[in-house]
Amino acid sequence: MINLLLALSIFIFRLPILKFIQLKDYRWSRIKAHFYLPSSRHLFLNFKELIIIFLAGLALLLNYNSNQLIATSFSLFLIALAYRWSYLFKIKFTLKVFIISLLTVLTNYTLLFLSTNKFFAFFLLIIFPIQLIILSFWSEIIYHLTKLLSYPWRQKIKRKVIEAKKRGTIFIIVVGSYGKSSTKYFLNQLLSKISTVKAPPDRVNQEFALIKYFLKEDIKEKFVVIEVGGYAVNEVKWVTRFLIPDIVIITGITEQHLVLFGNIENIIKGEGYEVLDNLETGKIVVVNENHPYRDQLLTKIQRRKDLKVITYGLPSSHYSFEIIKIDIVNLTTKINFKARNKIYSLEVPTIVPMQIENLTGALALLNQYFDLETILPHVKDLKILEKSLSLTKSNKGFLIVDASYNANVWGCLRALDFLKKLNSFDKKIVIFNGLIELGKEAEKFYKMIAEQASFADLFISTFSDYNKILKDILQDKFIFTTEPKEMNLVINTFPKSTIILILGRFVGKFANYIIK
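Residues numbered from 1 in each chain as written. Predicted model: local features only at pLDDT ≥ 70, side-chain atom pairs only at ≥ 80, totals over all residues. Heavy atoms only, no water.

**Regarding the pattern of salt bridges**
Under the criterion given, the structure shown has 21 salt bridges. Put simply, aspartate 25 and arginine 30 hold a salt bridge, and the shortest N to O gap is 2.8 Å. On the basis of relative accessible area, aspartate 25 is assigned to the partly exposed category, the value being 31%. A relative accessible area of 9% means that arginine 30 is categorised as buried. Residues arginine 294 and aspartate 295 are paired through a salt bridge, measuring 2.5 Å at the closest nitrogen-oxygen approach. Classification of arginine 294 as partly exposed rests on a relative accessible area of 26%. Ionic contacts of the salt-bridge type, sharing partners, join the residues Arg27, Lys147, Glu207 and Glu235 into one network. (Salt bridge = Lys/Arg side-chain N within 4 Å of Asp/Glu carboxyl O. Buried < 20%, exposed > 50% of the residue type's maximum accessible area, 1.4 Å probe, protein only.)

As C-alpha cells, this is what we get:
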C-alpha cells in the first residue's frame, strides 16, 4: 500500500511532464529539442518544487512504523492531487496516455518496492530528470510499438487507395517545410468548385492522425488532397507507402525542425525529395523554386529522369506572378499570373506575397488536370487559412497580419520583408512569440530576425528566450511581456493607421488572446 501511494504521488506530482510530452507528440526527439532553450533550465531548478519535495521526503524520514508511513504516504498522495488538480483537465486522456501513465506508475512502484530506503528512493524518483526519463522512455516505446502494430491498418488504407485509384481517384500529396497547409487549403477550395474532393481537416498531417482519418473514411471523390509532415528522415516516405501519390507538390525548404532532422541535408530529404520514392514513373512533381535550398532540392529531384518536373515561384519558373497593385482597403491584390507562356490578369483575396505564392503552386498543380479558364474564375472567392498570414481588422481599426502558424525562419524573414515594404501605414508593430527546435543555430536565426525587424516601430516579444539578442539590436523598440493586458495597453497607444504582424504561436496566458 505504501509503495503504491508513493508511486501515485510521484506520478501525479509530475503530471506537467506528461502534458509536456503530449504537446511534443510523444516524440523523444522533440522532447530533447526543447532543452536547447535557455528557459528549460527552470524545469530542473524550480525551487518551489524542490522545497515541497524536501518536506515530503523529510516527512517520510521521520516516520518509522508502518502505520505512520501509510498515513504519511496517503497525505502525500492527497497533497500531490490537490497541487496538480488542474492538470487532470489539461491533459487529454487517450488510450496512449493511459498506457504510458500505467507503465510509469508501475515503474515507480517496482523501484520503490525493490528499495530498502523509502526516503532515498522517493527523493530520487520524484526529481524532474528521473520522471522525465521514465515517461519519455515509455512514450518512445509506445510510439514505436504503435507504429509496428499499425501495419494491418496501413494495409487496409493501402487497399482503399488502390481501389480508389482503379476508379480514377487522383491522390495529391503536399510536402515541404512551410506553406503546406495553405497550399492544401487552396487546392481543396478550388477542387470543390470544379470537381469532387476529399481532404483531412486543416493541419492534420502527421502519420497516426492520417491513419486514424483514412481508416474511417470512404474514398469516392475524384481528388484526395493530403498534407504530409514529419520530424525525421523517412517519415514522409513511410506515410506515402500506403497513401500512394499520383502527383506531389513540394512547397519549399527551410530550417524548420532543424534540431530534429540534424542538418539541412536531412531536411531537404525528409521534407523534400524522399516522397518521390513512392511516386511512380511518368508522374508529376510540382516544385517551389523560391527558397534558399532550391538548387540542392532540384539536383536531387532531377535524378528521377522518369518524372515530369513543374516549377513555380520565380520569374524563370513555369508558373509565377507579378504584383501590379495592392488594395489595402479591400485587402486584395491585382497580379499578372504567368502560366508557361501565357499571362492572366487576376485579383486575389490577399495582399500577402507568400500566400499568392502558395496559390501559384496550387494553380500550377491543377493546370495539369484542368484548363486555367475553368479554375481562375473561382480565385477571387478563395478564403485564407486562419493564422497562416490571414488578415483581420481589430475593433480599433488596426490591420492584423496573423502568421501564428508561420513558425519557421524563412517564413518570418519574408513576412518581415513584406511588412517593411508596405507604405500605407503610419506605424508598424511586430509581435513575436518565438521559434523552437532550431538547436544550436537558434541565436544566429534570432539575430537575423531582429535585424530584419529593425524598421518596426515596436517589437513585442512574449517568448522568454534569446531576448538579450533581440534587445541588443532593437534597443528601445523592444518590449518583453508575459501579460496580455500589458501588451494591449501598449498597442492601444498607437494610431488607427497601424499594422500588426504576429509571428509564431501565442502560448501560456496569450494562448487564447485576441487583439481587440
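**What about empty space enclosed by the protein?**
Evaluation of the coordinates by the stated rule reveals 1 cavity of 30 Å³ or more. The space that makes up the largest cavity amounts to roughly 60 Å³. Along its surface, the largest cavity is lined by Ala33, Tyr36, Leu37, Leu435, Ile436, Glu437, Leu438, Gly439, Ala442 and Tyr466. (1 Å grid on protein atoms, 1.4 Å probe; cavity = no way out; pocket = protein on both sides within 12 Å on 5 of 7 lines; lining within 4 Å. Points joined across faces, edges and corners; volume = space filled by probe spheres on them.)

**Some thoughts on the sheet that holds strand 11 (residues 399–403)**
With mixed pairing, 6 strands are arranged side by side in an open sheet as 10-11-15-12-13-14. A single partner strand is all that each edge strand has here, and the edge strands are strand 10 (390–393) and strand 14 (478–480). When the angles between neighbouring strand axes are averaged without regard to direction, this sheet yields 20°. As defined by bridge partners, strand 11 adjoins strand 15 (residues 498–503) across 5 bridges and the pair is classed as parallel. Its bridge partner lying in strand 15, alanine 403 is registered against leucine 503. In the packing of helix 22 (residues 467–474) onto the sheet, the strands contacted are strand 12 (427–432), strand 13 (458–461) and strand 14, and the crossing angle to strand 14 comes to about 155°. (Pairing = 2+ DSSP bridges. Helix = DSSP H or I, 4+ residues; strand = E, 2+ residues; numbered from the N terminus. Axes fitted to C-alpha atoms, helices over the stretch in contact; angles between N-to-C directions. Contact = heavy atoms within 4.5 Å.)

**Some remarks on helix 2 (residues 15–23)**
Inspection of helix 2 places Leu15, Ile17, Leu18, Phe20, Ile21 and Gln22 among the buried residues, and these make up the whole buried set. Where helix 2 is buried, its residues meet helix 1 (2–13), helix 3 (28–34), helix 7 (87–90), helix 8 (95–114) and helix 10 (128–149). Directly beyond the C-terminal end of helix 2, a positive phi value near 60° is found at aspartate 25.

**Points about the side chain of asparagine 358**
When you line up the elements, asparagine 358 lands in helix 18 (residues 353–366). Residue classification places asparagine 358 among the buried positions, given a relative accessible area of 6%. Apart from residues no more than four positions distant in its own chain, asparagine 358 is found in contact with Gly179, Ser182, Thr183 and Phe186.

**What about the environment of lysine 237?**
Within the secondary structure, lysine 237 is located in helix 14 (residues 235–239). Separated by 32 residues in the primary sequence, lysine 237 and lysine 269 place their C-alpha atoms 9.9 Å from one another. The residues touching lysine 237, leaving out its near neighbours within four places in the chain, are Glu274, Asp277 and Asn278.

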